[in-house]
Amino acid sequence: MTTLSNDNINLLRDFVGISHWQSLIGIIVFFSIILALSIFIKKTKPKFPIRIFTGMGLGLIFGIIIQVITGFNNHNITYPNLPGTPIKPNPDYIPWVAEIVHWIELLKTIFIIGITMLTIPLVFLAIARITSKKNSNSKTITKVSGVGITILLINVAIAFTIAFGLGIAFKIGQGFNLTDGGSYDKTTAKTIPEIIISYVPSSLIGVFTQTLIIPIIVLGALIGFAIKKLTKHNEERMDKARNTLETMWKIIISILMMFIKTMPFAVMSMLATAIINQPIGALANIGIIIGVAYLALLITFLWHLLSLYLFGINPYRWLLKAQKPIIAGFTTQSSNATLPIAMNTLKEDLKVKEEGSDTVMPLSNNNRFKWLCWSASWHYFIFLMI
């Protein structure tokens, strides 16, 4: 008997999410490792990289063990149906593995949602604070933003050139049989005026319920400049408004630090679910694509380190201070989840001036580039602002 429930009584399967003894054991083992890692961190207080790489290693080992037990299948073993249409049952689907993944990805999901939750208030407060300061210079902020976006676009072009060149060199795509599919909706294309209009907040409250960065930047700038303008006639009240913004900023950063402390456990969850969800047996067919992708990532990263060196900055020292957002971006693959960590790292660890960290980072995040592309902007701003 391998199940803890049956087709008539689905409380364990449909509510608890544990209906097999294998999944129960796997979940207990995983969270026991989490508990042991927590005790290890609390007692030894290792440095941040050790915590993260320990979590990554444990997650990798756990995922590989599950794959070994299940036999390295050619399809995803956690999805009941194969991708595509018509819907076909997945011959490699293993229910108890799916239940393990459903539970262990809990930590990953909570971490990403929690960090993403802080993105909008963090960006709003960052822009409002910097623009409302008595000694802030709007021309300097505009100049810094313009230079930052220019550098961002240059580095994205370099990253694209590297990826495109490697794709041609390794003849990526040859031998693949692609079928016609998909559709193109012309109504999704927007003109420049429509794009500009979409950046204007349509609701003072509603803008905080969305994940759009530019409208929240516009709102933060409007409020900040309004506070600065009113300072001439209502200095005492506007000082209170600025103090309120500073207080809210400290509260948000405090919450952010709470989530960062849970990052080793989230990383362990991410690696474990990523390995378990991959059809390891089929990776050999696309191995060259994966290898070239990581090669492009490595070359682009080395380009950033070389640029640091050319501008007189020690790449090793920079890596020690910038490791949090790099690891967060690589593991979560979410720009919104990485943005709060990157902004805090720029100011607290790299000592970048607020004119750069509080404007360039949110603007670059809006472009929805992956972490390596958009992080190029703040890599270079380190040279300009230190």
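Only a predicted model underlies this, so the values are computations on that prediction, with no experimental measurement involved.

Caption draft 1: Seen up close, the overall build of the protein. Assigned secondary structure in the protein consists of 14 helices and 2 strands. Split into buried and exposed, the 386 residues of the protein put 42% on the buried side. On the protein, roughly 21600 Å² of surface is accessible, and the fraction owed to carbon and sulfur atoms is 67%.

Caption draft 2: Region of the structure containing the nonpolar core. Ranked by internal contacts, the top residues of the largest apolar core, which has 53 residues, are Phe111, Val123, Ile216, Met263 and Trp318. Put simply, the parts of the chain that give this core at least two residues each are helix 3 (48–70), helix 4 (95–132), helix 7 (213–230), helix 8 (235–261), helix 9 (263–277), helix 10 (287–310), helix 11 (315–332) and helix 12 (335–348). Broken down by element, this core gets its largest block of residues, 11 residues, from helix 4. If we skip the residues at most four places from it in the chain, Ile216 touches Ile120, Val123, Phe124, Val207 and Phe208. In terms of nonpolar packing, the next biggest core, distinct from the first, is built from 19 residues, Ile27, Ile66, Ile77 and Val97 among them.

Caption draft 3: Spotlight on the packing of aromatic side chains. Scanning the model with the defined rule gives 4 aromatic pairs in all. Residues Phe160 and Phe164 carry aromatic rings whose centres are separated by 5.7 Å and whose planes lie at 20° to one another, so their mutual orientation is stacked. Of the two residues, Phe160 and Phe164 are both situated in helix 5 (residues 138–169); the distance of 4 residues between them amounts to about one turn of the helix. A relative accessible area of 55% means that Phe160 is categorised as exposed.

Caption draft 4: Local environment of the pattern of salt bridges. For the coordinates displayed, the defined rule picks out 5 salt bridges. The salt bridge involving Glu105 is made with Lys108; its shortest N-O contact spans 4.0 Å. Linking Glu105 with Lys108, this pair stays in helix 4, spanning 3 residues, or about one helical turn. For Asp239, the salt bridge identified is with Lys134, shortest N-O distance 3.3 Å. Of this pair, Asp239 sits in helix 8 while Lys134 sits in the loop between helix 4 and helix 5; the two residues are 105 residues apart in sequence, bridging distant segments of the chain. Put simply, Lys134, Glu235, Asp239 and Arg242 are held in one network by salt bridges that share partners.

Caption draft 5: Quick peek at the side chain of Glu99. Topologically, Glu99 is positioned in helix 4. At 3.5 Å, the side chain of Glu99 and the side chain of His20 are in polar contact. If we ignore the near neighbours within four places in the chain, the residues touching Glu99 are Arg13, Gly17, Ile18, Ser19, His20, Ser23 and Ile27.

Caption draft 6: Region of the structure containing the UniProt feature "transmembrane region" (unreviewed entry) in the protein. Cross-referencing UniProt, the feature "transmembrane region" (unreviewed entry) maps to residues 20–40, 52–72, 106–128, 149–170, 207–227, 248–276 and 282–311 in the present numbering. Secondary structure across residues 149–170 divides into 95% helix and 0% strand, with the first and last C-alpha atoms of the span separated by 32 Å.

Caption draft 7: Geometry of helix 11. With 18 residues, helix 11 extends 24 Å from end C-alpha to end C-alpha; this agrees with the ideal 26 Å at 1.5 Å per step. The principal kink in helix 11, of about 65°, is found at Ala322, preceding the proline Pro325 by one to four residues. Turning to helix 11, its buried residues are Pro315, Trp318, Ala322, Gln323, Pro325, Ile326, Ile327, Ala328, Gly329, Thr331 and Thr332. The N-terminus of helix 11 is capped by Asn314, whose side-chain oxygen sits 2.9 Å from the backbone nitrogen of Tyr316. Of the residues flanking the end of helix 11, it is Gln333, one or two places downstream, whose phi is positive at about 55°.

Caption draft 8: Layout of the environment of Gly114. Tracing the backbone shows Gly114 in helix 4. Classification of Gly114 as buried rests on a relative accessible area of 5%. As for Gly114 and Phe259, which are separated by 145 residues in sequence, their C-alpha atoms are 7.2 Å apart.

Caption draft 9: Structural context of unusual backbone geometry. We note that Lys45 has phi near 50°; this positive angle belongs to a residue other than glycine. Relative to the assigned elements, Lys45 resides in the loop between helix 2 (21–44) and helix 3. Backbone geometry places Lys351, a non-glycine residue, at a positive phi of 60°. Its location among the elements puts Lys351 in the loop between helix 12 and helix 13 (354–365).

Cut-offs and rules
- Residue positions are given per chain, counting from 1 as you read along its sequence in written order.
- Totals for whole chains, interfaces and linings use every residue, but because this is a predicted model, local features are given only for residues with pLDDT of at least 70 and side-chain atom pairs only at 80 or more, for both listing and counting.
- The side-chain quantities take in all heavy atoms of the structure and omit both hydrogens and water.
- Labels follow the DSSP assignment, with helices taken as runs of H or I lasting at least four residues and strands as runs of E lasting at least two, numbered in each case from the N terminus.
- Only protein chains enter the calculation, and the probe is 1.4 Å; a residue is then buried if its accessible area is under 20% of its type maximum, exposed if over 50%, and partly exposed in between.
- Using a 1.4 Å probe, accessible areas were evaluated by the Shrake-Rupley method; residue-level cover was limited to the displayed protein chains.
- Residues grouped as a nonpolar core are buried Ala, Val, Leu, Ile, Met, Phe, Trp, Tyr and Cys residues, joined through side-chain atoms within 4.5 Å.
- Residue contacts are counted whenever heavy atoms from the two residues lie within 4.5 Å of one another.
- What counts as a ring pair is set by centres within 6.5 Å for rings of Phe, Tyr and Trp (its six-membered ring), and what kind of pair is set by the plane angle: stacked under 30 degrees, edge-to-face over 60, tilted for all other angles.
- Whenever Lys or Arg places a side-chain nitrogen within 4 Å of a carboxyl oxygen from Asp or Glu, that contact is recorded as a salt bridge.
- Polar contact is the term for a pair of N or O atoms within 3.5 Å; when the atoms are in protein, one must be able to donate a hydrogen and the other to accept it, and sequence-neighboring residues count only if both atoms are side-chain atoms.
- UniProt positions are given in the numbering used here, feature names are shortened, and annotations may be inferred rather than shown by experiment.
- Here the expected length of a helix is defined as 1.5 Å per residue gap, with one fewer gap than residues.
- The bend reported for a residue corresponds to the angle between axes fitted to the seven residues ending at that residue and the seven starting there.

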